[in-house]
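Descriptive analysis of the structure
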Amino acid sequence: MLKKWGPFCFALFIGIILAVISILPPSPKGLDSPEDQFSAERAMVDIRVIASEPHPTGSPANAEVRTYLTERLGQLGFEVSTSGDELTGWPFKRLKQWRGTDVTSETFVNVIGVKKGKDQTKPALLLMAHHDTVWDSPGAADDTIGIASIFEIMRALNTSGQAERDIIVLFTDAEEVGLVGAKHFFKTHPFRDQIGAIINFEARGGGGTANMFQTSAQNGNAAKLYAKAVRHPSASSLSTYIYNVLPNDTDLTPALEEDYVAFNIANIGRAEYYHSPAIDADALQVSTVQHMGMQGLDLTKALLSADTFPEPKKDATFFDVFGLFTIVFAPALGWFLVVFTALCLAGTYDSRQPRKDILLGASRMIGFLGLGGVLLFGLNWVSGAGKGADYYDRLAAITELEIMAIFTGLAVFFGMFGRKALTFNGLLGAALPLFALGIAGQALAPTAGYFVVISIMITSVCFVTHRRLNTHWAPAGLAALVVGYMLGLYHLLMVGVGPDLPSVAILPLALLTLAVLPLYAGLTKRQRLALLFVSMALALAVALWIRFDPIAATVPTY
């Protein structure tokens, strides 16, 4: 039994551990942490004050928050000013809808702090977050986590004395009604001409890892700086690509119209707390604060100490490896990986085995992708997606949707590959459809398609190693890397777009499947059918559970 199933179970077990490592933020540091380090518990002191009650734009609570922000910036050595204007148009209409009263006017107010550096001829670094919340939400995450991270970053930096260049802190107002404060600042404020680099802090949910999900254009050198500086990274050029094609905005959006070097960091976990009335300081995951602050502090230090900010360079392909380090390379290198993968796949071919096995393997993988995508689309509809669905209630169901997708993937796996182990030619055939997708990704979106090419490259090495050395254990170690990365990517994709488009999960599940196929020993017909039926029944049961589950208590009231 160990010889038959040991390598397969080993690859899954180690892969799951690696995935967990990649999606869990680091442990929070306490109040007694060294003064030059970021401490989430110290940041939580500010969060508990600022997020004590909802404070949307124009509210008395919002004015109290601005007073607190002004005082804290003063304590940290900043010269503080404010700027703002009258709300008009759609933002004002939205605010009126939230209030339910017939107000005739309202203003927004940005809070701006400046701390002089040693060399004021150098472009300044801007740290940015917004201080308003949506209606009826205390906003401990969105965006008090960003404000508190900036305060704690500055406190830690103050232990090293005066910085080399000016630091500007911008706490914008009216972000939740249309990025009004940020648009006003980057259009009218004179400080905009003194800035050279920006770090924006945001939130989408009440926990999870903090991810550097967006950069300014031509990010080759910026990505290298991030990779060198940040010790607990979470970033990928895939996320920057996806975010840029989605119709989403943050306060960084108006800034990106100018030539700043820019980084956008946000947590994307426990999505049920996004804009929720329940997201107070006690509901916020403290380890998430730690992760955001550690990345922010490392990146701030690197930008402050750089002689010059990173120059524009062609967009890079980059990704963190299980949160341990970041790999950055030129997209053109992907073609070398494609060629290397093609050679390994060619080495998998066995002339002694039937050539029709190649076609059989390819048809099964195409079936996995097609049937899996259709089933996930259908089950998502069964779960209540579509017209009339509450967006925030769907966010609250992400964990259940992930479970539904896993059971669906298992059902399709047992249906397509569960009967018996594939021959080497069958493995080659199973890889070809995914390899074709990898080539297309490399040609059309090289900064986004790397995960397909690299995973198939590692898997193709598994194939060759398995064939030439006649062992399963060496391939099992390589397969575990693919399993771990794909499970982590699967989680982030589901959190990001799963409630609307869970079918995207089928690609990482297919790449995971390809990696473990050389280790799969096969089942009897009865075992395969039983597991297929149980997996599909569980997927359907979870979908129905989501559909008939009451509206989540965390859903916003506005």
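This report concerns the structure included in the present document. Quantities reported herein were computed from a predicted structural model and do not represent experimental measurements.

1. Brief notes about the layout of surface pockets
- As a volume, the second largest pocket reaches approximately 550 Å³.
- Counting residues per element, the ones that place at least two in the lining of the second largest pocket are helix H1 (2–23), helix H14 (398–417), helix H17 (473–497), helix H18 (506–516) and helix H19 (525–548).
- If you tally residues by element for the lining of the second largest pocket, the top one is H1, at seven residues.
- Tallied by class, residues from the lining of the second largest pocket come to 21 nonpolar, five polar and one charged.

2. Some words on the environment of Ile23
- Here Ile23 shows up in helix H1.
- The exposure class of Ile23 is partly exposed, given its relative accessible area of 25%.
- Measuring from C-alpha to C-alpha, the distance between Ile23 and Ala210 comes to 9.5 Å, with 187 residues separating the pair along the chain.
- Each residue touching Ile23, except ones within four places of it in the same chain, is listed here: Thr209, Gly488 and His491.

3. Some remarks on the pattern of salt bridges
- For the coordinates displayed, the defined rule picks out 10 salt bridges.
- Here Asp298 ties to Arg231 by a salt bridge, and the two come within 2.7 Å at their closest N and O atoms. One end of the pair, Asp298, is in helix H10 (residues 286–305); the other, Arg231, is in the loop between helix H7 (220–229) and helix H8 (237–245), with 67 residues separating them in the sequence.
- Residue Arg352 is joined to Asp350 by a salt bridge in which the shortest nitrogen-to-oxygen separation is 3.1 Å.
- Residue Arg352 is classed as exposed on the basis of its relative accessible area of 71%.
- Here Asp350 falls in the buried class, since its relative accessible area comes to 3%.

4. Regarding the nonpolar core
- Core analysis: the largest hydrophobic core is formed by 76 residues, its most contacted members being Phe368, Phe451 and Leu514.
- Considering each element in turn, this core owes the most residues, 11 residues, to H17.
- Aside from chain neighbours lying at most four places away, what touches Leu514 is Met365, Leu427, Ala430, Ala431, Leu434, Ile456, Thr459 and Phe463.
- The next biggest cluster of nonpolar side chains, apart from the first, holds 64 residues, and it includes Phe38, Tyr226, Ala235 and Phe309.

5. Some thoughts on a nonpolar patch on the surface
- On the surface, a cluster of nonpolar side chains totalling about 500 Å² of accessible area is made up of Phe13, Ile17, Ile21, Leu324 and Phe325.
- With three residues, the single largest contributor to the nonpolar patch is H1.
- Judged by relative accessible area, which is 56%, Leu324 ranks as exposed.

6. Things to note about the sheet that holds strand S4 (residues 167–172)
- Ordered in space as S1-S2-S4-S3-S5-S7-S6, the seven strands form an open sheet in which the pairing is mixed. The sheet is open, and its two borders are formed by strand S1 (79–86) and strand S6 (207–215), each paired with just one other strand. Mean inter-strand twist for the sheet, computed between neighbouring axes without regard to direction, equals 20°.
- Where S6 and strand S7 (residues 261–269) come together, six bridges link them in antiparallel fashion. Paired with Met212 across the two strands is Ile265, which belongs to S7.

Rules and cut-offs
Counting from 1, residues in each chain are numbered in the order their sequence is written. Reporting in this predicted model follows two pLDDT cut-offs: at least 70 for local features of residues, and 80 or more for side-chain atom pairs to be given and counted; totals over whole chains, interfaces and linings ignore these cut-offs and use all residues. Side-chain calculation: all heavy atoms of the structure are included, whereas hydrogens and water are not. The distinction between a cavity and a pocket rests on a 1 Å grid over the protein atoms alone: a 1.4 Å probe fits inside a cavity but cannot get out, while a pocket stays open yet meets protein on both sides within 12 Å along at least five of seven lines, and a residue with an atom within 4 Å of a point counts as lining. Grid points are joined across faces, edges and corners, and a volume is the space filled by probe spheres set on the points. Every helix listed is a DSSP run of H or I at least four residues long, and every strand listed is a run of E at least two residues long, numbered separately from the N terminus. Gly counts as polar in this scheme, as do all residues outside two lists: the nonpolar Ala, Val, Leu, Ile, Met, Phe, Trp, Tyr, Cys and Pro, and the charged Asp, Glu, Lys and Arg. Per-residue accessibility, obtained with a 1.4 Å probe over protein chains only, is compared with the maximum for each type, and a residue is labelled buried under 20%, exposed over 50%, and partly exposed between these values. Whether two residues are in contact is decided by their heavy atoms: any pair within 4.5 Å suffices. Any Lys or Arg side-chain nitrogen found within 4 Å of a carboxyl oxygen on Asp or Glu counts as a salt bridge. Here, nonpolar core means buried Ala, Val, Leu, Ile, Met, Phe, Trp, Tyr and Cys residues that are tied together by side-chain atoms lying within 4.5 Å of each other. Each patch is built from residues lacking any salt bridge and having more than 30% relative accessible area; the joining distance is 9 Å for like charges and 5 Å for nonpolar side chains (Val, Leu, Ile, Met, Phe, Trp, Tyr). In this description, accessible areas are obtained by the Shrake-Rupley approach with a 1.4 Å probe, and a residue is regarded as covered only by the protein chains that are shown. A strand pair is defined by DSSP finding two or more bridges across the two strands. In this description, a line fitted to the C-alpha atoms serves as the axis of each element, helices being fitted only across the stretch in contact, and the angle between N-to-C directions of two axes falls anywhere from 0 to 180 degrees.

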